[in-house]
Amino acid sequence: MRLTRLFTLISAILALLVCGVQGRSLWAEWRQYQAAEQGLQALQLVSASMRVAEKLSVERGPSNAVMGDGHPAAPAKQERLRTARNDTNAVLRQLQQQLSHGNTVPAHQLAGLELALREARRNVDQLAAQPPSSRTPAQLDAAVERMYALVPLALDAVTEATRASEQAYPRITRVLVKARLAVELREYAGRLGSTLTAPLATAQALGSAQQQRLQFLRGRLEQLRQLIKMANNDADQAVHIQAAVARMDSDYFEAGQRIISEVEQASSNGPRDSMARHYSMDTAQFAQRYVPTMTPILAVRDALLQEAEHQAQAEFARARHELSWAMLNGAAILLVLVTLLVIVRVRVVAPLLRATRAVVRLGNGDYTPPSRISRRRDEIGDMLRALATLRENSMERQRLEQERARLIEELKIRADTDYLTGILNRRAFATAGNLRLRGAREKDESLAVILFDIDHFKSVNDCYGHDAGDQVLIRIAEVVRSTLRDGEILARYGGEEFVVMPSFCGLEAARALAERLRVAIEQEPLTLSDGYILRVTASFGVAVAHGPHAALDDLFHSADLALYRAKSQGRNRVEAQL
Ligand SMILES: Nc1nc2c(ncn2[C@@H]2O[C@H](COP(=O)(O)OP(=O)(O)OP(=O)(O)O)[C@@H](O)[C@H]2O)c(=O)[nH]1
């Protein structure tokens, strides 16, 4: 796998791993945050549900007053009932609105409560519309019971909402349970008061059922009071909660209960033979004194709710804070990872690839210099500098190899060339001649050799000096070369002796060529460096070989014999083999 692909693969795997781990923890934090948000909403629902329960309790008083009054009921009592019902409707609407925001309390629970409330009110209105004489105790009891039955329905909604809230914030469970107990306490306190409403209204002694009910309610109230006062954790003992509980003790359990005891006392003090009693207060006065003593119970509820909300807000803030941290952490880790990968890519992988390409280029003999010299002080810098040195060494080696090849070529040329005239020497001629002779044999052609020697050359040396003799040799070579055609070989055979090998031809053609050369030499005025002009002649011997057994030595021998004859017969002439 190529390095870039491997790096990309590793980067992708790392990024996936980090994203996976970060995503997991982020998801967990997000879930917690969402749970905390829902818990907060549920808490508001608890509060709203408790207010509904409270208002339903409150509505019972004016309802009883209207049912216990004449026909029609006194306008003030009717007005109080209207106000109480409006208050209940308002908190119910609030609860509905909160439910519409996707809360955890099932909507059917609220629908059931609304239905029951409508029925209970209709029942109250029906009785209030009848003359008092036609309202039977059973009907009145049923109407009151229906009103009583509403609060547990509202408390069911509280329980549902409490459960949802507890799931999000387990630590506030106790506080919420106590708030619910406070609501119940308020309800039972109301029922306690309601138990006395009929005896007060009718100025009758308390019946045994009513007395039993009073006992039961008192016991329940005390139970609830103890449960609320039970210290479970620090939150329960918050100063404002303790203050609210203390006020409930003094206002309700002392002052409120005293009012109840007063009525009880008056009931038990009356004549044994008659149920008629004289109470020091009527229903309205009782309500006026008793109802305010229940207010601190709601204050306890509110203090507990406030504490729960305070804790929930703190938990929510913590969840939000942790979510933000998780997001920041995730982003920071991703950023660090990306930065590291970019650094590794830019600082390691890319230079390695550049170096690899440079090495491949060097291997292919491409010595293009790098675009910039690395100034890095690390190992990659060392490698790039080593590469530059390798490139320089390779270039030097290539230069030396070229020089060597050039020298070898020059030596080769020098080995085949006559140092003075620049034409082929005897050795090179032997090689070329043998090659051509082989060709002649293969093609069954004739091959000729023309050997010529400058006449009286010794006297040139003697008269004009050895340098002049050299110049004559050089000029003779030039003259002959310019007379010959391509493919006709000329070589210096030794001293003042030259040899020509024409292309494949017979004896007559060779003789004709020798004659042309003789004339050319004879007619060429040779100007020496010191201004002297010389004319020289040369004698030629021509020989031809043919057939499969032709040999270069034999050919030379024959030509030499002919040259000898040319010399001996007067020089400046051409003689052919016999
Ligand atoms: N200047 C010069 N002279 C050379 C060179 N090679 C041979 N010679 C001279 O050539 C002369 C050859 O002389 P000879 O063999 O007597 O022949 P010749 O004087 O040419 O007389 P014939 O060949 O009989 O016509 C000698 O004096 C050699 O020294 C050379 O390279 N340069």
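It should be emphasised that the depicted structure is a prediction, and the values quoted were computed from it without experimental measurement.

A. The arrangement of the site of the ligand in detail. In the vicinity of the ligand, 15 residues are found, and the nearest of them are Asp455, Phe457, Lys458, Gly469 and Gly495. Elements that contribute at least two residues to the shell around the ligand include exactly β1 (447-454), α11 (457-464) and α12 (466-483). Along the lines of polarity and charge, the residues of the shell around the ligand split into 3 nonpolar, 5 polar and 7 charged.

B. Representation of the UniProt feature "coiled-coil region" (unreviewed entry) in the protein. Using the residue numbers shown here, the UniProt feature "coiled-coil region" (unreviewed entry) corresponds to residues 78-130, 214-241 and 390-417. The distance separating the terminal C-alpha atoms of residues 390-417 is 40 Å; by composition the span is 96% helix and 0% strand.

C. Here's a closer look at the environment of Arg436. The residue Arg436 is located in helix α10 (residues 426-443) in this model. Once you skip the residues sitting within four places of it in the chain, Arg436 turns out to touch Leu447 and Met501.

D. Structural detail: the sheet that holds strand β7 (residues 574-576). Ordered by their spatial adjacency, 5 strands build an open sheet running β2-β3-β1-β6-β7, and the pairing between neighbours is mixed. Both outer strands of the open sheet, β2 (489-494) and β7, are each paired with one neighbouring strand and no more. Taken pair by pair, the neighbouring strands of this sheet meet at an average axis angle of 20°, ignoring direction. Pairing of β1 with strand β6 (residues 538-545), which is carried by 8 bridges, proceeds in the antiparallel orientation. In the strand pairing of β6, Asp453 is matched with Ser539.

E. Quick peek at the confidence of the model for the protein. Chain-level statistics for the protein give a pLDDT mean of 89 and a share of 97% at 70 or above. Interface confidence in the predicted complex, given as ipTM, is 0.97; pTM for the same model is 0.60.

F. Geometry of the packing of α12 against helix α13 (residues 507-523). Contact pair α12 / α13: the axes reach a minimum separation of 10 Å and the direction vectors enclose 135°. Overall, the two elements α12 and α13 adopt an arrangement that is oblique. In this structure, the crossing between α12 and α13 has a hand that is right-handed. For the pair α12 and α13, contact is made by Ile476, Val479, Val480 and Thr483 and by Arg516, Leu517, Ala520 and Ile521, respectively. Looking at side-chain class alone, the contact of α12 with α13 contains 6 nonpolar, 1 polar and 1 charged residues.

G. Expanded view of the packing of helix α5 (residues 173-202) against helix α6 (residues 208-229). Two numbers describe how α5 lies on α6: the axes approach to 9 Å, and their chain directions differ by 160°. Between α5 and α6, the crossing angle belongs to the class labelled roughly antiparallel. Note that α5 runs across α6; the crossing there is left-handed. In this structure, α5 uses Lys178, Leu181, Ala182, Glu184, Leu185, Tyr188, Ala189, Arg191, Leu192, Thr195 and Pro199 to contact α6, whose residues at the interface are Gln210, Arg213, Leu214, Leu217, Arg220, Leu221, Leu224, Arg225, Leu227 and Ile228.

H. Main features of α6. Between the first and last C-alpha of α6 there are 31 Å, a value that for 22 residues agrees with the 32 Å anticipated at 1.5 Å per step. Those residues of α6 lying buried are Leu221, Leu224, Arg225 and Ile228. An end-on view of α6 places all buried positions within 100° of arc, on one side of the element. Across from the buried face of α6, at angles greater than 90 degrees, the exposed residues are Ser208, Gln212, Gln215, Gly219 and Gln226. On its buried face, α6 sits against α5, α7 (239-269) and α8 (283-363).

The rules behind each value
In this convention, every chain numbers its residues from 1, walking through the sequence in written order. The predicted origin of the model limits local features to residues at a pLDDT of at least 70 and limits the giving and counting of side-chain atom pairs to 80 or more, whereas totals for whole chains, interfaces and linings rest on all residues. Residue proximity rests on one test: whether the C-beta atom, placed from the backbone, lies within 6 Å of the molecule or strand. Going along the chain from the N terminus, every DSSP run of H or I of four or more residues is numbered as a helix, and every run of E of two or more is numbered as a strand. Residues are sorted three ways: Asp, Glu, Lys and Arg are charged, Ala, Val, Leu, Ile, Met, Phe, Trp, Tyr, Cys and Pro are nonpolar, and all the rest, Gly among them, are polar. UniProt positions are given in the numbering used here, feature names are shortened, and annotations may be inferred rather than shown by experiment. The contact rule is simple: place each C-beta atom from the backbone, and if two of them lie within 7 Å, those residues are in contact. One bridge is not enough; two strands pair if DSSP finds at least two bridges between them. Between N-to-C directions, angles span 0 to 180 degrees; the directions come from axes that are lines fitted to C-alpha atoms, helices contributing only their stretch in contact. Summary of the metric used: pLDDT quantifies the predictor's per-residue confidence within the range 0 to 100. Between 65 and 115 degrees an angle is taken as roughly perpendicular, under 35 as roughly parallel, over 145 as roughly antiparallel, and anywhere else as oblique. By the definition used in this description, the sense in which the near helix is turned from the far one sets the handedness, with an anticlockwise turn below a right angle giving left-handed and a clockwise turn giving right-handed. In this scheme, a helix's expected span is set at 1.5 Å multiplied by one less than its residue total. Each residue is classed by its C-beta neighbour count within 10 Å, where at least 20 other C-beta atoms makes it buried, 12 or fewer makes it exposed, and intermediate counts make it partly exposed; the C-beta atoms are placed from backbone geometry. Picture the helix axis, draw a direction to every C-beta atom, and the arc is the one those directions span.

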